[in-house]
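Summary of structural features
What follows is each chain in one-letter form.
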Amino acid sequence: MNKEQFNRMKNGKGFIAALDQSGGSTPKALLNYGVTEDKYSNDEEMFNLVHEMRKRIITNEAFTSDRILAAILFKVTMNSKVGDKFTGDYLWEEKGIVPFLKIDEGLDELKDGAQLMKPFKHIDELLKNAKERNIFGTKMRSVIKELNEKSIKKVVDQQFEYAKKISDAGFVPIIEPEVDIHAKDKAEIEEVLKKYLIEGLKNLEKENYVMFKLTLPEKENLYEDLYNFDQTIRVVALSGGYSRDEANEKLRKNKNIIASYSRALTEGLNVNQTDEEFTKMLDESIGKNYSASVEK
């Protein structure tokens, strides 16, 4: 584990840029960016276009370590290059930004109010690949939609099971059990989720460090207790369908939580913008996410 990157993630000021849209979410990300489906005819062309979008963001003068701690990448992005360097190396060596990798293989079918992650069929191969690309940590996402305690426990148990394996391989896993912002019993779901997250932390070995990426809670500072454990490096928030302004308004009410936004980061960016227009919009977005993360 890179100690400089570890200290940056634990103590640095800023937020995490989530640039990890994968197969299912890539068409929507491109459409929001102004690239319609008639501009590509297969997955390879689609991923090339989204890499160009991400490359435009990453290389922009507004995208700096002054305000951005880390970036989460998709496998294709990790194995693509920015200039003559793989994306993770470019982020760290040229920008001082810590690279993470989205590692899950998508969501399983909805069952009993939750979507577990599909079983990881290629985890050993992917972790080996990530090691070669100098990736610091990973991210994996589940979704909770209803108040069903057994299902919530299953989500958390699965996350921690993989987190242990990932940590033992030398990475810092981000555990992401997203709570649907439209869930009827969202506040109650979050209380149950917190209970099982704490239970999971209690069962971790001392050397197994983790991060948490969580939906902004209904109860302010609900997840502050996660910092009572030395294994918790950072708690970060997903935007989860809130607009950037809504997400940041909620984020400001939760101390020691920073943003980890995807759509709320790229909101307003467009392929047809001039470099000047693009930089202005990106700088404004980064500024808002940064201030909501650190100015509390």
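Preceding block: the structure.
Scope of this entry: the structure provided in the associated data block. The residue numbers shown here count from 1 along each chain, following its written sequence. Restriction of local features to residues with pLDDT of at least 70 applies here, the model being predicted, together with a cutoff of 80 or more for giving and counting side-chain atom pairs; totals for whole chains, interfaces and linings are based on all residues. Remark: hydrogens and water are excluded; side-chain values derive from all non-hydrogen atoms of the structure.

1. Observations concerning unusual backbone geometry
Of note, Asp112 is a non-glycine position whose phi angle comes to about 55°, a positive value. Exposure classes here rest on a 1.4 Å probe applied to the protein chains alone. A residue is buried below 20% of its type maximum, exposed above 50%, and partly exposed in between. Using a relative accessible area of 45% as the deciding quantity, one classes Asp112 as partly exposed. Its identity is not glycine, yet Asn256 carries a phi of approximately 65°, on the positive side. Helix and strand definitions here come from DSSP, where helices need a minimum of 4 consecutive H or I residues and strands a minimum of 2 consecutive E residues; each element is numbered from the N-terminal end. Summarising the element assignment, Asn256 is placed in the loop between α9 (244-251) and β11 (257-261). A residue is classified by how much of its surface remains accessible, and Asn256, at 43% relative accessible area, is partly exposed.

2. Comments concerning the pattern of salt bridges
The rule for a salt bridge is simple: a side-chain nitrogen of Lys or Arg has to be within 4 Å of a carboxyl oxygen of Asp or Glu. Across all of its chains, the model carries 20 salt bridges by this definition. Two residues, Asp180 and Lys145, come together in a salt bridge whose shortest N-O distance is 3.1 Å. Here Asp180 is found in the loop between β8 (172-179) and α8 (186-202), whereas its partner Lys145 is found in the loop between β7 (137-144) and α7 (149-168), with 35 residues between them in sequence. Bridged by salt links that share partners, the residues Asp20, Lys139 and Glu176 form one connected network.

3. Looking at the packing of helix α6 (residues 123-132) against α7
For every element, the axis is a line fit to its C-alpha atoms; helices are fit only across the contacting stretch, and the angle between N-to-C directions ranges from 0 to 180 degrees. It is at 11 Å that the axes of α6 and α7 come closest, and there the two elements cross at 40°. Judged by the inter-axis angle, α6 sits oblique to α7. With respect to the hand of their crossing, α6 and α7 are arranged in right-handed fashion. In contact with Ile123, Asp124 and Leu127 of α6, α7 contributes Tyr162, Lys165 and Ile166. Here the angle decides the label: under 35 degrees means roughly parallel, over 145 means roughly antiparallel, 65 to 115 means roughly perpendicular, and every other value means oblique. By definition, any crossing whose near helix is turned counterclockwise from its far helix by less than a right angle is left-handed, and any crossing with a clockwise turn is right-handed. What makes two residues a contact is simply this: any of their non-hydrogen atoms within 4.5 Å.

4. Overview of the packing of aromatic side chains
Only Phe, Tyr and Trp rings are paired, with Trp represented by its six-membered ring, and only when their centres lie within 6.5 Å; those with planes under 30 degrees apart are stacked, over 60 edge-to-face, the remainder tilted. Applying the stated criterion across every chain, the model contains 5 aromatic pairs. Ring centres 5.5 Å apart and planes at 75° place the aromatic pair Phe100 and Phe136 in the edge-to-face group. Highlighted residues: Phe100 in strand β5 (residues 98-102) and Phe136 in the loop between α6 and β7, separated in sequence by 36 residues. The two residues Phe100 and Phe136 agree in class, both being buried.

5. Remarks on the pairing of strand β1 (residues 15-19)
Both faces of the sheet carry side chains from a regular strand, because those side chains alternate between them. Taking burial as the measure, the 5 residues of β1 include 5 buried ones, the bulk of the element. Where β1 meets strand β2 (residues 68-73), 5 bridges bridge the pair, whose relative direction is parallel. Its bridge partner lying in β2, Ala18 is registered against Ile72. When β1 meets β11, the two strands line up parallel, connected through 2 bridges. Opposite Ala17, over in β11, you have Tyr261 as the bridge partner. Should DSSP find at least two bridges between two strands, the strands are regarded as paired.

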